Amino acid sequence: ERARHAITSSSHAFDGLMGGAGMRTGRVTEICGPPGMGKTQFGMQFCVNVQIPSAAGGVDGEAVFIDTEGSFIVDRVVEIASATREELHSHQIQEVPTIETMLSRIHFFRVHSHVEQVALINQLDEFLASHPKIKLIVIDSIAFHFRQKFADMGQRTRLLNGMAQRLRALAENRDVAVVMTNQMTTRIRRVGAGLGDGDSATLVPALGDSWGHACTNRVILSWQDDARQASLVKSPNLPEATVLYAITADGVRD
Ligand code: GTP
């Protein structure tokens, strides 16, 4: 395997969960969790952190952010970017990009349907070829436009599998980190016919089991009493583990 880069999350614990340095290029990671856990916050944080200069151990790169739900908030990115810039300055790092430059290095796409989403992902390889500084693709969320009932569920599966394959190829061939968020859905296990005693409901990532096989790394965010926790539940090379993280005014932190 050739040398990969890593993008810090700004949480040492979360970076540790992902193998030490954060999100690796060449890999596809899915971050799942119920509303409000901070999936979009992680996405925005990585878009800022991918730009950390190499003098500070960063990747000095650019990002693609694909927004399917309209949850990207520029003011929040400015907050996160300002905090990151202050930290870099306090470590005497030279050539810290301005907020304006940082925003211009986040290539933002809004997709309004699963058709737009698939079309955009199909065009990404070409886009990356003409933007070699891009080291990160965030898709927030992968599931939103695929959760409605499809008339043809077979077609839905084919589209999802095709998307997963493309994202893996982009990660590997273009040496980018792919980070996608996913919602949780309730799975009811029925005991006997109909709803009744003994039935159990569990929260599982949306899009079903075949999608679950498609991603390389899977992280699930959840509450542990009043603390936020992230669990690595699937990875080809990293051990399953759970760590705590926080969302502060400055962004993702320990
Ligand atoms: P959905 O998009 O609803 O599925 O949720 P999500 O998991 O993407 O959550 P999102 O990233 O939108 O995170 C929202 C959470 O981040 C909120 O519950 C807040 O606790 C936290 N948050 C957002 N902005 C701030 C902030 O400025 N300060 C602090 N302390 N927390 C914030």
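Further up the page is the structure itself.
What you are looking at is a predicted structure, and each value in this text was computed from that prediction instead of being measured.

J.: Got a minute to help me understand the packing of helix 5 (residues 114-130) against helix 6 (residues 153-173) in this structure?
T.: Between two packed helices, what matters for the description is the angle formed by their axes and the separation of those axes. Following both chains from N to C, one finds helix 5 and helix 6 inclined at 20°, their axes separated by 10 Å at the closest point. Comparing the axis directions of helix 5 and helix 6 gives the class roughly parallel. For the pair helix 5 and helix 6, the sense of crossing is left-handed. When helix 5 is examined against helix 6, the residues His114, Gln117, Val118, Ile121, Asn122, Leu124, Asp125 and Leu128 are found in contact with a partner set consisting of Leu159, Met163, Arg166, Leu167 and Leu170. For the contact of helix 5 with helix 6, the class distribution of residues is 8 nonpolar, 3 polar and 2 charged.

J.: Where do I start with the pairing of strand 6 (residues 134-140) in this structure?
T.: Counting buried residues along strand 6, 7 of its 7 residues qualify, which places the element largely inside the surrounding structure. Here strand 4 (residues 62-67) pairs with strand 6 via 6 bridges, running parallel. When the sheet's bridge partners are listed, Ile66 is paired in strand 6 with Ile139. Considered for its hand, the β-α-β crossover made up of strand 6, helix 6 and strand 7 (residues 177-182) is right-handed.

J.: Teacher, can you tell me more about helix 5 here?
T.: Every α-helix carries 3.6 residues per turn, so stepping three or four residues along brings you back to the same face. Between the first and last C-alpha of helix 5 there are 25 Å, a value that for 17 residues agrees with the 24 Å anticipated at 1.5 Å per step. At Leu124, helix 5 shows its largest kink, close to 40°. Every buried residue of helix 5 is accounted for by Gln117, Val118, Leu120, Ile121, Leu124 and Leu128. Along its buried surface, helix 5 packs onto strand 4, strand 5 (106-110), strand 6 and helix 6.

J.: I'm lost on the environment of His107 in this one. Help?
T.: Mapping His107 onto the fold places it in strand 5. Remark: the alpha-carbon pair of His107 and Ala13, spanning 94 residues in sequence, is separated by 28 Å. Other than its neighbours up to four places away in sequence, His107 contacts Glu62, Ala63, Val64, Phe65, Phe127, His131 and Ile134. A distance of 2.7 Å separates the side chain of His107 from the side chain of Glu62, its partner in a polar contact.

J.: Would you explain the side chain of Arg76 in this entry?
T.: Here Arg76 is to be found in helix 3 (residues 74-90). A distance of 2.7 Å separates polar atoms of two side chains, one belonging to Arg76 and the other to Glu79. Aside from chain neighbours lying at most four places away, what touches Arg76 is Gln41, Met44, Ile247, Thr248, Ala249 and Gly251.

J.: Looking at this structure, I do not really get the pattern of salt bridges. What am I missing?
T.: Side chains carrying opposite charge are able to pair once their charged atoms draw close together. Under the defined criterion, the tally for this structure stands at 7 salt bridges. When the shortest N-O distance is used, the salt bridge between Arg218 and Glu30 registers 2.5 Å. Taken together, the residues Arg218 in strand 10 (residues 217-224) and Glu30 in strand 3 (residues 28-32) connect sequence positions 188 residues apart. With a relative accessible area of 11%, Arg218 lands in the buried category. As a salt-bridge pair, Asp60 and Lys133 come within 4.0 Å of each other at their nearest N and O atoms. Here the residue Asp60 occupies a position in the loop between helix 2 (39-49) and strand 4, and Lys133 occupies one in the loop between helix 5 and strand 6, the gap between them amounting to 73 residues.

J.: Just to check I follow, could you spell out the site of the ligand for this structure?
T.: In the vicinity of the ligand, 14 residues are found, and the nearest of them are Gly36, Lys39, Thr40, Gln41 and Arg228. Within the side chain of Arg76, an N or O atom sits 3.2 Å from an oxygen atom of the ligand. Contacts to the ligand include Ile247, whose backbone N or O atom sits 3.4 Å from a nitrogen atom. When the ligand sits alone it has 660 Å² of accessible area, and the protein chains cover 64% of it. Of all the secondary structure elements, the ones that give two or more residues to the shell around the ligand are helix 2, helix 3 and strand 12 (241-248). At 3 residues, the largest contribution of residues to the shell around the ligand is made by helix 2.

Thresholds applied
- Residues numbered from 1 in each chain as written.
- Predicted model: local features only at pLDDT ≥ 70, side-chain atom pairs only at ≥ 80, totals over all residues.
- Heavy atoms only, no water.
- Axes fitted to C-alpha atoms, helices over the stretch in contact; angles between N-to-C directions.
- Helix = DSSP H or I, 4+ residues; strand = E, 2+ residues; numbered from the N terminus.
- Parallel < 35°, antiparallel > 145°, perpendicular 65-115°, else oblique.
- Left-handed = near helix turned anticlockwise from the far one by under 90°.
- Contact = heavy atoms within 4.5 Å.
- Nonpolar A, V, L, I, M, F, W, Y, C, P; charged D, E, K, R; others polar.
- Buried < 20%, exposed > 50% of the residue type's maximum accessible area, 1.4 Å probe, protein only.
- Pairing = 2+ DSSP bridges.
- Right-handed = clockwise from strand over helix to strand, strands pointing away.
- Expected span 1.5 Å × (residues − 1).
- Bend = angle between axes of the 7 residues up to and from the residue.
- Polar contact = N/O pair within 3.5 Å; in protein donor to acceptor, adjacent residues only side chain to side chain.
- Salt bridge = Lys/Arg side-chain N within 4 Å of Asp/Glu carboxyl O.
- Near = heavy atom within 4 Å.
- Areas by Shrake-Rupley, 256 points an atom, 1.4 Å probe, with all protein chains shown as cover.

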